[in-house]
Amino acid sequence: MEKNKQIVDALLAWYPEHARDLPWRKDRNPYHVWLSEIMLQQTRVEAVKEYYKRFLKELPTIEDLAVVEEDRLLKLWEGLGYYNRARNLKKAAMTVVDELDGQFPDTYEGILALAGIGDYTAGAIGSICFDLQTPAVDGNVLRVYTRLMEDASNIDKQSTKKQIREQLAEVYPKGHCGMLTQALMELGATVCVPNGAPKCDVCPLQELCMARQHDSWQQYPVRDEKKSRRIEEKTVLVLQCDNRIAVRKRPKKGLLSGMWEFPNVEGRLTEQQAADIATKWKAAPEHLKMNYSYTHIFSHVEWHMTAYYLTCRTMCEEFQWVTIDEMEADVAMPSAFRPFVQVLKESK
Ligand code: SF4
């Protein structure tokens with residue numbers, strides 16, 4: 001407990017001097033903090049900045065988010081991945097607007113009840129926007145904390161997260177809750193970093209850190225062993241008729257549900273087999289312009305994709321046919337297929 005208090009004091013003294021200037025730190029508007037926290041899950045800060053600005057330019061208020069068309073929403077999210085996060089944002093915005101009179105909830109339980117918001121995000125919004133004593137315990141915080149304490153609990157276990165959250169909550173200082181949450185995040189992102197050696201020499205907690213004392217940082221945090229990813233082969237057909245390209249929507253359920261994609265089939269086909277499929281789709285393929293291979297890595301699966309770029313004579317009904325400009329403006333194409341768009345643009 002005493003040590004936890006010392007940690008808090010050291011972090012609060014350190015943070016104001018070392019905080020990065022980030023667009024979502026300009027105010028405590030819960031919409032802004034919430035949006036940034038959801039975007040930052042699985043995505044680097046640098047990449048999120050532009051998304052964040054563009055999103056708020058188009059949807060400046062929760063009311064705007066509550067009524068946005070799904071296709072437009074997915075387009076704004078294109079490239080960030082985990083598209084259900086965007087759908088849940090809209091769902092939660094609808095709850096705030098329709099059921100809560102437009103007032104964002106200001107209790108931990110109220111925030112947690114919104115779609116797509118878990119313990120971490122509720123803790124972050126609660127502490128940053130409403131000065132609640134609710135720590136936001138994510139991978140960064142778990143790494144810092146287990147190193148400080150040389151705590152060998154498995155951080156993939158919910159019980160470990162809960163325990164650390166409770167220990168931190170006891171020392172969350174009223175009046176500075178938001179600053180402490182952000183200081184912990186900042187330390188994990190910039191000093192006690194996830195990849196490579198921690199920068200202990202510039203760490204404000206170096207005197208308090210057991211891992212630093214024993215040079216044992218490599219042993220923490222303790223995690224489950226990673227399962228290897230399943231590999232799936234796919235053949236992608238980039239069908240081009242005049243200056244239009246065939247796209248289709250993915251099914252409503254499953255990976256990348258509801259996003260747009262180029263037509264594709266399971267397995268690695270030869271050129272001839274790909275042309276035969278295009279014929280079966282009644283696209284009347286003419287000429288193979290090129291092929292291009294790309295591997296996309298999801299958390300549990302890898303797609304090893306080979307794309308054949310075929311010119312065709314018929315815009316068959318099976319697909320939507322769009323120009324590249326239309327694709328860029330309106331078609332939400334996930335990162336798994338974006339490299340094929342890039343090749344298309346470069347070959348124009
Ligand atoms: S002293 Fe080193 S290992 Fe300990 S919290 Fe700081 S950066 Fe991490």
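Residues numbered from 1 in each chain as written. Predicted model: local features only at pLDDT ≥ 70, side-chain atom pairs only at ≥ 80, totals over all residues.

1. Concerning the overall build of the chain
So, step 1. When you go through the chain residue by residue, the secondary structure sums to 15 helices and seven strands.
So, step 2. Within the chain, contacts between residues separated by at least 24 positions form 70% of all contacts whose residues are at least 6 apart in sequence. (Helix = DSSP H or I, 4+ residues; strand = E, 2+ residues; numbered from the N terminus. Contact = placed C-beta atoms within 7 Å.)

2. Quick look at the pairing of strand E1 (residues 230–241)
A regular strand places its side chains so that they alternate between the two faces of the sheet.
So, step 1. Where E1 and strand E6 (residues 301–312) come together, 11 bridges link them in parallel fashion. Pairing of lysine 234 across the sheet is with methionine 305, part of E6.
So, step 2. Note: E1 against strand E4 (residues 264–266), three bridges, orientation antiparallel. Bridging from a neighbouring strand, lysine 234 pairs with glutamate 266 of E4.
So, step 3. Of the pairings in the sheet, the one linking E1 to strand E2 (residues 244–249) comprises two bridges and is antiparallel in character. Residue pairing in the sheet places glutamine 240 in a bridge with isoleucine 245 of E2.
So, step 4. The turn linking E1 back onto E2 is made up of two residues, and aspartate 242 within it adopts a positive phi angle of 50°. (Pairing = 2+ DSSP bridges.)

3. What about the site of the ligand?
So, step 1. In the region of the ligand, 15 residues are neighbours, and Cys192, Pro198, Cys200, Cys203 and Cys209 sit closest.
So, step 2. When contributions to the shell around the ligand are tallied by element, the ones reaching two or more residues are helix H9 (139–149) and helix H12 (210–214).
So, step 3. For the shell around the ligand, the element with the most residues is H9, which contributes three residues. (Near = placed C-beta within 6 Å.)

4. Digging into the domain arrangement of the chain
Interfaces are frequently sized by the accessible area removed from exposure as the parts join.
So, step 1. Each domain of the chain was delimited in the assignment, giving domain 1 (2–219) and domain 2 (230–346).
So, step 2. Here domain 1 and domain 2 have C-alpha centroids that lie 37 Å from each other.
So, step 3. Residue-level contacts link seven residues of domain 1 with eight residues of domain 2.
So, step 4. When grouped by side-chain class, the residues that make up the side of domain 1 that touches domain 2 number two nonpolar, two polar and three charged. (Domains from an automatic or database assignment. Nonpolar A, V, L, I, M, F, W, Y, C, P; charged D, E, K, R; others polar.)

5. So, the pairing of strand E5 (residues 285–297)
So, step 1. With 11 bridges connecting them, E5 and E6 associate as antiparallel partners. Paired with histidine 296 across the bridge in E6 is tryptophan 303.
So, step 2. Taken together, E5 and the strand that follows it, E6, pair antiparallel across an intervening segment of three residues.

6. Considerations on the nonpolar core
So, step 1. Among the nonpolar cores identified, the biggest contains 90 residues, and Leu237, Val238 and Leu239 are the most heavily contacted of them.
So, step 2. The residue makeup of this core includes at least three contributed by each of domain 1 (2–219) and domain 2 (230–346).
So, step 3. Residues in contact with valine 238, not counting those within four places in the same chain, are Ile245, Phe262, Ala307, Tyr309, Phe340 and Leu344. (Core = buried A, V, L, I, M, F, W, Y, C linked by C-beta atoms within 7 Å. Buried ≥ 20, exposed ≤ 12 C-beta atoms within 10 Å, placed from the backbone.)

7. Things to note about the environment of tyrosine 308
So, step 1. You can see tyrosine 308 is positioned in strand E6.
So, step 2. By the C-beta count within 10 Å, which is 23 here, tyrosine 308 ends up buried.
So, step 3. Between the alpha carbons of tyrosine 308 and glutamate 271 there is a distance of 7.1 Å; along the sequence they are 37 residues apart.

8. Digging into helix H13 (residues 271–280)
So, step 1. Among the residues of H13, those classed as buried are Ala274, Ala275 and Ala278. Taken around the axis of H13, the buried residues stretch over an arc of 100°, which confines them to a single face. In H13, the exposed positions angled more than 90 degrees off the buried face are occupied by Gln272, Thr279 and Lys280.
So, step 2. Contacts made by the buried residues of H13 are with E1, E5 and E6.
So, step 3. Remark: lysine 282 follows H13 within two positions and exhibits a positive phi of approximately 65°. (Arc of directions from axis to C-beta.)

9. What about helix H3 (residues 45–58)?
So, step 1. Taking 1.5 Å of rise per residue, 14 residues should cover 20 Å, and H3 covers 20 Å from first to last C-alpha, within 8% of that figure.
So, step 2. Where H3 is concerned, the buried positions are Val48, Phe55 and Leu56. Along the long axis of H3, the arc covered by the buried residues comes to 85°, so they all point the same way. Pointing more than 90 degrees away from the buried face of H3 are the exposed residues Glu46, Glu50, Lys53, Arg54 and Lys57. (Expected span 1.5 Å × (residues − 1).)

10. Considerations on the packing of helix H2 (residues 30–40) against helix H8 (residues 119–130)
So, step 1. Packing of H2 against H8 brings their axes to within 10 Å, and their N-to-C directions diverge by 145°. Viewed along their axes, H2 and H8 form a crossing whose handedness is right-handed. Contact residues: Pro30, Val33, Trp34, Glu37 and Ile38 in H2; Thr121, Ala124, Ile125, Ile128 and Cys129 in H8.
So, step 2. Here the residues of the contact of H2 with H8 are counted per class, giving eight nonpolar, one polar and one charged. (Axes fitted to C-alpha atoms, helices over the stretch in contact; angles between N-to-C directions. Left-handed = near helix turned anticlockwise from the far one by under 90°.)

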